[in-house]
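Each chain is listed here by its residues.
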Amino acid sequence: MISCRYLTRRFGDFVAVDNVSFDVPSGGICALLGPNGAGKSTLMKMLTGLLAPTSGDAFVAEHDVRKEPLAVKHAAGILPESLGLFDALTIDEHLRLSGPIYGLSAAETRHRADQLLHALSLEEGRDTFLDQCSQGMRKKTALALALLHNPRVLFLDEPFEGVDPVTADTIRNLLVAIAARGVTILLSSHILSIVNRLADRILVIRGGRIVMDSPASELPQSLEEVYFGLVEASTVDDLPWLGSSQS
Amino acid sequence: MAGLLAILAALARAVWRDLRTFSTLTGNNFFLVVALIMIGQWQSGLFFIALFGILLLVPLAGDPMRKIPPDRLTLWPLTRGQRIALRLSSPALTPLVWLAVPFLFRAAGIPVALGLIGSALAIQVLLATWRHIMTRRPPMRPFRLVPAPPGKLGGLIQKNGRQLLSVLDTYVALLLCVAAIAFRIASPKLDPEAGVILSLLAALALSTQAQCMFGLDLPWGIVRYRLLPLRGREILFAQDVPFFVVLLILVLPLAPLPGLAAGLVALGLGHHASVLQPMQQHRWRFTGGALFPFGFFQVILMMATGVAVARQSAWYLAAAVAFYLGSLWYCGRRWDAG
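Because the structure is a prediction, the values reported are computed rather than measured.

1. Considerations on the overall build of chain A
The secondary structure content of chain A amounts to 8 helices and 10 strands. Here the C-alpha coordinates of chain A stretch approximately 55 × 55 × 40 Å along the principal axes. Counting all 247 residues of chain A, 44% fall into the buried class. A separation of at least 24 residues holds for 68% of the contacts in chain A among residues at least 6 apart in sequence.

2. Digging into the domain arrangement of chain B
Residue and element names in this part refer to chain B. On domain assignment, one finds that chain B holds domain 1 (2-139) and domain 2 (159-336). Listed by partner, the interface residues are 13 residues for domain 1 and 19 residues for domain 2. Among the elements of the structure, helix 2 (21-24), helix 3 (29-40) and helix 4 (42-60) are those that each provide at least two residues to the side of domain 1 that touches domain 2. Element by element, the count of residues in the side of domain 1 that touches domain 2 is highest for helix 3, at 4 residues. Considering only residue class, the side of domain 1 that touches domain 2 consists of 7 nonpolar, 6 polar and no charged.

3. Remarks on the sheet that holds strand 7 (residues 153-157) of chain A
All names here are of chain A. The mixed open sheet is built from 6 strands, whose spatial order is 6-7-8-3-9-10. Whereas interior strands pair on both sides, the edge strands pair on one side only; in this sheet they are strand 6 (76-79) and strand 10 (209-215). Direction aside, the axes of adjacent strands within the sheet are offset by 15 degrees on average. Sheet topology places strand 7 next to strand 8 (residues 184-188); 5 bridges connect them, and they run parallel. Across the sheet, Leu-156 pairs through a bridge with Leu-187, a residue of strand 8. Of the strands in this sheet, strand 3 (29-33), strand 7, strand 8 and strand 9 (201-206) are in contact with helix 1 (residues 40-47), which crosses strand 7 at around 150 degrees. Together, strand 6 and strand 7 form the strand contacts of helix 5 (residues 135-147), whose direction differs from that of strand 6 by roughly 170 degrees.

4. Describing the nonpolar core
Residue and element names in this part refer to chain A. Counting residues in hydrophobic clusters, the biggest one holds 82 residues, and the most contacted among them are Leu-47, Ala-144 and Phe-155. At 7 residues, helix 5 tops the list of elements feeding residues into this core. Excluding residues within four positions of it along the chain, Ala-144 makes contact with Leu-95, Leu-116, Leu-117, Leu-120 and Leu-122.

5. Quick look at helix 11 (residues 192-210) of chain B
Residue and element names in this part refer to chain B. Look at helix 11: 27 Å from first C-alpha to last across 19 residues, which is about the 27 Å you get at 1.5 Å a residue. The largest bend in helix 11 is about 25 degrees, located at Leu-204. With respect to burial, helix 11 is a largely interior element, 15 of its 19 residues being buried.

6. Brief notes about the sheet that holds strand 5 (residues 63-64) of chain A
All names here are of chain A. Pairing in this open sheet of 4 strands is antiparallel, and the strands run 2-1-4-5 from one edge to the other. The outermost strands of the open sheet, each flanked by one partner alone, are strand 2 (14-24) and strand 5. Direction of pairing for strand 1 (residues 2-11) relative to strand 2: antiparallel, over a ladder of 7 bridges. Bridge pairing in strand 2 places Ser-3 opposite Asp-23. Against the sheet, helix 1 contacts strand 1, strand 2 and strand 4 (55-60), and its axis sits at roughly 120 degrees relative to strand 1.

7. Overview of the interface of chain B and chain A
Taken together, the contact pairs 21 residues of chain B with 21 residues of chain A. Among the elements of the structure, helix 9 (154-164) and helix 12 (221-227) of chain B are those that each provide at least two residues to the side of chain B that touches chain A. The element that contributes the greatest number of residues to the side of chain B that touches chain A is helix 9 of chain B, accounting for 6 residues. Counted by class, the side of chain B that touches chain A contains 8 nonpolar, 6 polar and 7 charged residues.

8. Regarding the pairing of strand 4 of chain A
Residues and elements named next belong to chain A. Pairing of strand 1 with strand 4 involves 5 bridges; the strand directions are antiparallel. Bridge assignment links Thr-8 to a residue of strand 4, and that residue is Ser-55. Direction of pairing for strand 4 relative to strand 5: antiparallel, over a ladder of 2 bridges. Across the sheet, Phe-59 pairs through a bridge with Asp-64, a residue of strand 5. Taken together, strand 4 and the strand that follows it, strand 5, pair antiparallel across an intervening segment of 2 residues, in which Ala-61 is found at a positive phi of about 50 degrees.

How each quantity is defined
Residues numbered from 1 in each chain as written. Chains lettered and ligands numbered in written order. Predicted model: local features only at pLDDT ≥ 70, side-chain atom pairs only at ≥ 80, totals over all residues. Helix = DSSP H or I, 4+ residues; strand = E, 2+ residues; numbered from the N terminus. Buried ≥ 20, exposed ≤ 12 C-beta atoms within 10 Å, placed from the backbone. Contact = placed C-beta atoms within 7 Å. Domains from an automatic or database assignment. Nonpolar A, V, L, I, M, F, W, Y, C, P; charged D, E, K, R; others polar. Pairing = 2+ DSSP bridges. Axes fitted to C-alpha atoms, helices over the stretch in contact; angles between N-to-C directions. Core = buried A, V, L, I, M, F, W, Y, C linked by C-beta atoms within 7 Å. Expected span 1.5 Å × (residues − 1). Bend = angle between axes of the 7 residues up to and from the residue.

See the structure below:
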């Protein structure tokens, strides 16, 4: 369902993503892990058509990302890193804007929007303009937009960050349920405890390269131990003024 | 005391940054036209300068304290006395005060001036108290009334309409048209040519917005556009519809055909700048575009087409429509190409 071969993206001399290849089959939940700046978001952007690859090929729901961008956008639900929301619209208006663009009738859009807003605990704030929303509300709005048109593939860039634990659990259960119905999910996250309970496959990316690709059930240690083993922690200098009597 | 001074210094920096909104005028087509008028006959441009002045000073006359997030202000370890001092000294950072106070002392004398400044401070305190009470109520958003037309692009058109109503260019065009209509009612023997000129001026006032269509969507809203399964020409068309609607409403009582022809040309040229050189804009400011080459050619071609429609033949309007459609197709493809 998601397939990429030798995907590379350069920014001048800097190689953000370097010869990345992997496949995620239909119904799979693949987690993309890595430190900040590892290339996760760049990879996501290339797979969703937001950024052209320097070289390599990518296919989403059997559509070539470069040659059939509209078909990819119809098939995929995307939660981008920047969320991509308009300050001039309310949460409800975002959903009503999006539905008809994906070919949904006004009644169907309304019906699905009501259900999504309820599931994501956004009902009370549905008439709030986005410039007055908390980060969590913005994240949930972008997630609702990604789900509204019943996509076959989901790309979720840090879906759990900034979301309260109860809603995070709701989202996790929702993702497990739709994956069981055949929806393919590629997500990036730094919250290893949720990833551990959600993903059936783990990809770790560092310096633009995939340094680990393993089924979640075949990890030799706990996910946290594996991750810390692969990603070198930066050394922290002591800040002697913290905690001292000096104000 | 040091903390209070640091806050006031930060406020002064924020106000100074706001003053840079005057710099957007250097990229505004209408300002170019006003400058050209003033070179020829400086008295004729005074009315337009007054329009700019009023529209720029209204947001700049706002309370500088609103630039501090209320939560941050609460968190700072300031005493009650320091908070009152901050409240009373912040109006001094308002640009309108810088202009008004010297004038006041010179015109009214010291006792009257001091009395008026005291009254102004009292009003500031009352306003701050009122705002404190009103923060518990949901804010009024009149643009909520802008409806979404039916159809696939309805939501986008609604959003773009709201954005067009939140830039000052629209209000310059509106004030021009209101003044023209008032003048027409007051003196029925208005020269028919005046209607054409005012219609073209209204279109010129809006024209910079035509080259900065994604300015209020930057930086993040543009990502949503890229995610939507829409062709570039559809996205551009959804941007153009509110522009046409507002322009039509404004020029209808004046000279609709020349105004619409000029608007079509403005959009035709503006698409290119909007797609290839998107420039971030801010709400409640004038739109600052690229005066050279886009703005310059927009002004020349808009005036030429509008005058040709008014004096030569309405067929020039058909040429403007063809130019607009060609631009929509070409720039739509450029958008699709990323």
